[in-house]
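# Results of the structural survey
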Amino acid sequence: MLTLTRETNPVDSNPVDLNTVNITNVNTTSEANQVLPTNPFSLRERFEQPQGTIALSAIDALVRILIEQRKADMRAKLNTAAFVSGYPGSPLAGYDLALNKQAKLLSEYDIHHQPAVNEDLGVSNVLGSQIANLLPDAKYDGVLGLWYAKSPGIDRSADALRHANAAGVGRFGGTIALVGDDPLAKSSSLPNSSENLMYDLAMPILSPGTIEEILSLGRYAFELSRFSGAWSGFKVLTNLADSFATVRLDALQQLVIHKPHFRVENAVSGQVWQHKQVMN
């Protein structure tokens, strides 16, 4: 049996802080009520635990992909940060709340969340993060960008997204356009999906089917954006956005991303293709 314990005054009526609690194992066999050693546990481990198994919601997994990419950059000796902006809407209605709730943890990884008044301004915010490295005395090697909205949001922001995608991304930045699709209109006035518009906007599209795939494809999405110079479309369906699962992390830590090497035609010394940004 598991019990949650906290030292408190008998008259203290404050609720237990579940962000940091002690889990005590109680033996209920013949040696009744024998208390085993206490194991400290923190709920922030669902965002930072490197291996093993964790319980994770899809919304928390979408928060974790930012931390996973920052960790990957640190292993690669890259000094990066991350900037998130967008407008909430089901099935991603709780994403902004999850980011705000973990603001202290995210700040430790230089991840900043700035909610937008509407989807268009969110796109403009994230676009700005991708030209930061072109400015004199840039603070970071690159800034990761993530824009979020529900499917009708990408409809209204198509022009802003088209221009942002054409502007490209930072060499060590990379941007995800995270869109919540509601094809059965569970919480929408009309059925909606985003892949056709993403295709028209020239975005590569990733569509995870499980929470584990959110974590792995999140890494691919950032790396794909960096390689191609385009924003990566990342669509999450309602049934996935509302889900909760036990996730095995070992495969994520063993993930190896192989980058293709395209040779530039008629290039000097067999130059490998690499997208470039130009500030006019």
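Refer to the structure above for everything that follows.
Structure report, in brief. Predicted model, so just to flag it, every value in this text is computed and none were measured. (Residues numbered from 1 in each chain as written. Predicted model: local features only at pLDDT ≥ 70, side-chain atom pairs only at ≥ 80, totals over all residues. Heavy atoms only, no water.)

## Notes on the overall build of the chain
Across its full length, the chain holds eleven helices and twelve strands. Here the chain holds 280 residues, and 44% of them are scored as buried. Long-range contacts, defined here as pairs at least 24 residues apart, represent 75% of the contacts in the chain between residues at least 6 apart. Accessible surface for the chain amounts to roughly 14800 Å². Of this, 55% is attributable to carbon and sulfur atoms. (Helix = DSSP H or I, 4+ residues; strand = E, 2+ residues; numbered from the N terminus. Buried < 20%, exposed > 50% of the residue type's maximum accessible area, 1.4 Å probe, protein only. Contact = heavy atoms within 4.5 Å. Areas by Shrake-Rupley, 256 points an atom, 1.4 Å probe, with all protein chains shown as cover.)

## Points about the pattern of salt bridges
Under the defined criterion, the tally for this structure stands at 16 salt bridges. Two residues, R156 and D120, come together in a salt bridge whose shortest N-O distance is 3.3 Å. With R156 in helix 6 (residues 151-156) and D120 in helix 5 (residues 119-129), this residue pair connects regions lying 36 residues apart in the sequence. Here R156 falls in the partly exposed class, since its relative accessible area comes to 47%. Here the salt bridges do not stand alone but share partners, grouping R44, E48, K104 and E108 into one network. (Salt bridge = Lys/Arg side-chain N within 4 Å of Asp/Glu carboxyl O.)

## A closer look at the environment of M203
Note on placement: M203 falls in the loop between helix 8 (195-200) and strand 10 (205-206). What makes M203 buried here is its relative accessible area of 5%. The spacing of M203 and S232 is 29 residues in sequence and 5.6 Å in space, taken between C-alpha atoms.

## Focus: the packing of aromatic side chains
One pass over the full model with this rule turns up one aromatic pair. Here the aromatic rings of Y95 and Y148 are separated by 5.3 Å at their centres, their planes lie at 85°, and the arrangement is edge-to-face. Note that Y95 is positioned in helix 3 (residues 95-101) and Y148 in strand 8 (residues 142-150), a separation of 53 residues in sequence. A residue is classified by how much of its surface remains accessible, and Y95, at 0% relative accessible area, is buried. (Phe/Tyr/Trp six-rings, centres within 6.5 Å; stacked < 30°, edge-to-face > 60°.)

## Let's talk about helix 9 (residues 211-228)
The end-to-end C-alpha separation of helix 9 is 25 Å, in line with the 26 Å expected for 18 residues at 1.5 Å each. The largest bend in helix 9 comes to about 25°, at L217. Where helix 9 is concerned, the buried positions are I211, I214, L215, L217, G218, R219, A221, F222, E223, S225, R226 and F227. Downstream of helix 9 by one or two residues, G229 has phi in the positive range, about 85°. (Expected span 1.5 Å × (residues − 1). Bend = angle between axes of the 7 residues up to and from the residue.)

## Quick notes on the sheet that holds strand 8
An order of 7-6-8-9-11-10 is seen for the six strands of this open sheet, with the pairing classed as parallel. The open sheet is flanked by strand 7 (111-113) and strand 10, the only strands paired with a single partner. For strand 6 (residues 80-86) and strand 7, the ladder comprises three bridges, and the chain directions are parallel. Its bridge partner being in strand 7, F83 is matched across the sheet by H112. Against the sheet, helix 5 contacts strand 6, strand 8 and strand 9 (175-181), and its axis sits at roughly 170° relative to strand 8. (Pairing = 2+ DSSP bridges. Axes fitted to C-alpha atoms, helices over the stretch in contact; angles between N-to-C directions.)

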